Amino acid sequence: MNKNLVAISLIILGAGLLLIWSGVLLYDSEILLGLVLAAFGISNTNYSFRVGSRKRIVLSAILFLTGVVLIVKNSYEIIDTRGLILVSILFISGAALLILFIDNVKQKTFLFSGFALIILSCFSLTVLKKIGLFQWLKTVGDMFEVFLPVILIIFGMSIFINRKK
Amino acid sequence: MDEQNLHNQLFGEEQPQADPVYRVRKLQRSGDNVVIAGVCAGIAEYSGKETAAIRVIAMLLLLLGAWIVAAYLIIAFLLPIGKYDESLTEVETKAIGKENFRTVVSGLFIIVGLHFALVKFGFSGSSGVFILPNTFMFPLLAIAGGVFLLTNKLAKTKIGPEETTEFYRSRSDKFLLGVCGGIAKYLGIDSSSLRIIFLLLTGLTLGMFAVAYLVIAFTSQQEPQLLPLQDE
């Protein structure tokens, strides 16, 4: 990460949140966070391409798109939030793989897998939605939500125990 | 000096005793074991405890409210940075970086899991730092963090080794087909954390994420095997 970019983003976020808190800025805090993330993501992607760090490129692309999702989610009335999460995860991951292909065009595998995920995200909005994917998603999501804390804690503990391996 | 020692030993004369050296443990930020500002590692070095444990405890304290962030920043401002250990080799630096990354990821998983569990049972963290609400404190902390970064108060960090140029499915670091191991090596990140994130995303997308795994597996090559050199 570019330290100066992180610093400037944090200061803008902090100042913006203070203005929202004081009532000067009539904005949703999540939209502001989305804007800052999107701006930081795109600037850091450019910086990472110049530095040549792949993990930074991927992380910046993910942050940029997460920012866009936050802006969209809070700007429009979206009834099915779970559906949005599913589509976003698929699209963001696909975009991250595509950006890896842009970084190294010899690696066609990232192009194919990125496209596969983006096509799946489009299908999940159209064809798969008609089949009843979102209803199924709701049932599985409800079940997943109950066990999510336990799953996360177990995953966390397992990484912590194996941190020196 | 050696001749003097020999003479003293032969004639039984006592050697003058050197003054004992007392090492004073100084509380300072770590210079070479850094995630944000090296505060947790500094406390661990001072107290003789393990750094990873201090880091996870500090992260868990976040559940009690944003005051821990304020405390962290104040300590980071007040404590001096320790000397950077130049004797650390690239392998040792990489091992420290890997352990730090895993500690932070594990701490994040545990804290998010505990947060969801506590919310489910009706508990919530403190809504403020002292008398100030979190909605006011968080922006201040963000600005303080930004100023802290801009004033270059961070400890030194070594740049990691170069990344590989070719992507291969891993032969040595594999669970199923070596895709996660290969991606981790290609990006220079930790493979076990990537595997867990991959598993979570597969669960969240009802298994659709596995399609990408299969596409990568079938369109990429496996890491070439290193054969032992043969004499002609």
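Since the model is a prediction, treat every value here as computed from it, not as a measurement. Think of each chain on its own: its residues are numbered from 1, step by step along the sequence as written. Whichever chain is written first becomes A and whichever ligand is written first becomes 1, with later ones labelled in order. Local features in this predicted model are restricted to residues of pLDDT 70 or higher, and side-chain atom pairs are both shown and tallied only at a pLDDT of 80 or more, whereas totals for entire chains, interfaces and linings draw on every residue.

1. What about the overall build of chain A?
Part 1 of the reasoning: A tally of regular secondary structure across chain A gives 7 helices and 0 strands.
Part 2 of the reasoning: The order of helices and strands in chain A, counted from the N terminus, is α-α-α-α-α-α-α.
Part 3 of the reasoning: Referenced to the eigenvectors of the C-alpha coordinate spread, the extents of chain A come out at roughly 45 × 45 × 40 Å.
Part 4 of the reasoning: Counting the 165 residues in chain A, one finds 34% classified as buried.
Part 5 of the reasoning: Each residue gets a C-beta atom placed from its backbone, and two residues are in contact if those atoms lie within 7 Å. Of the contacts made within chain A by residues no fewer than 6 positions apart, 60% connect residues no fewer than 24 positions apart. Runs of H or I in DSSP of at least four residues are treated as helices and runs of E of at least two as strands, each being numbered from the N terminus. The exposure scheme places C-beta atoms from the backbone and then counts, for each residue, the other C-beta atoms within 10 Å of its own, assigning buried at 20 or more, exposed at 12 or fewer, and partly exposed in between.

2. Points about helix α1 (residues 3-22) of chain A
An α-helix turns once per 3.6 residues; consequently, residues spaced three or four apart project the same way.
Residue and element names in this part refer to chain A.
Part 1 of the reasoning: The length a helix should cover is 1.5 Å for every residue beyond the first. The end-to-end C-alpha separation of α1 is 29 Å, in line with the 28 Å expected for 20 residues at 1.5 Å each.
Part 2 of the reasoning: Looking at α1, one finds that the buried residues are Ser9, Leu10, Ile11, Leu13, Gly14, Gly16 and Leu17.
Part 3 of the reasoning: Looking one or two residues past α1, Gly23 carries a phi angle of roughly 90°, positive in sign.

3. Section: the nonpolar core
Part 1 of the reasoning: By definition, a nonpolar core groups buried Ala, Val, Leu, Ile, Met, Phe, Trp, Tyr and Cys residues that connect through C-beta atoms lying within 7 Å of each other. Core analysis: the largest hydrophobic core is formed by 54 residues, its most contacted members being Leu13, Val58, Ala61, Leu90 and Leu117 of chain A together with Ala212 of chain B.
Part 2 of the reasoning: With 9 residues, helix α4 (residues 81-103) of chain A is the single largest residue contributor to this core.
Part 3 of the reasoning: Residues in contact with Val58 of chain A, not counting those within four places in the same chain, are Ala96, Ile99 and Leu100 of chain A together with Leu187 of chain B.
Part 4 of the reasoning: Among the nonpolar cores identified, the runner-up in size contains 9 residues, and Leu152 and Ile159 of chain A together with Ala52 and Val105 of chain B belong to it.

4. Thoughts on helix α5 (residues 90-120) of chain B
Part 1 of the reasoning: Over its 31 residues, α5 of chain B runs 45 Å from end to end, which matches the ideal 45 Å to within 8%, given 1.5 Å per residue.
Part 2 of the reasoning: Within α5 of chain B, the full set of buried residues consists of Arg102, Thr103, Val105, Ser106, Gly107, Phe109, Ile110 and Gly113 of chain B.
Part 3 of the reasoning: Elements that come into contact with the buried residues of α5 of chain B comprise α7 (133-161) of chain A together with α3 (51-60) and α8 (191-204) of chain B.

5. Section: the domain arrangement of chain B
Part 1 of the reasoning: When its domains are assigned, chain B resolves into domain 1 (39-150) and domain 2 (162-225).
Part 2 of the reasoning: Between domain 1 of chain B and domain 2 of chain B, the C-alpha centre-to-centre distance is 30 Å. The domain boundaries here were taken from an automatic or database domain assignment.

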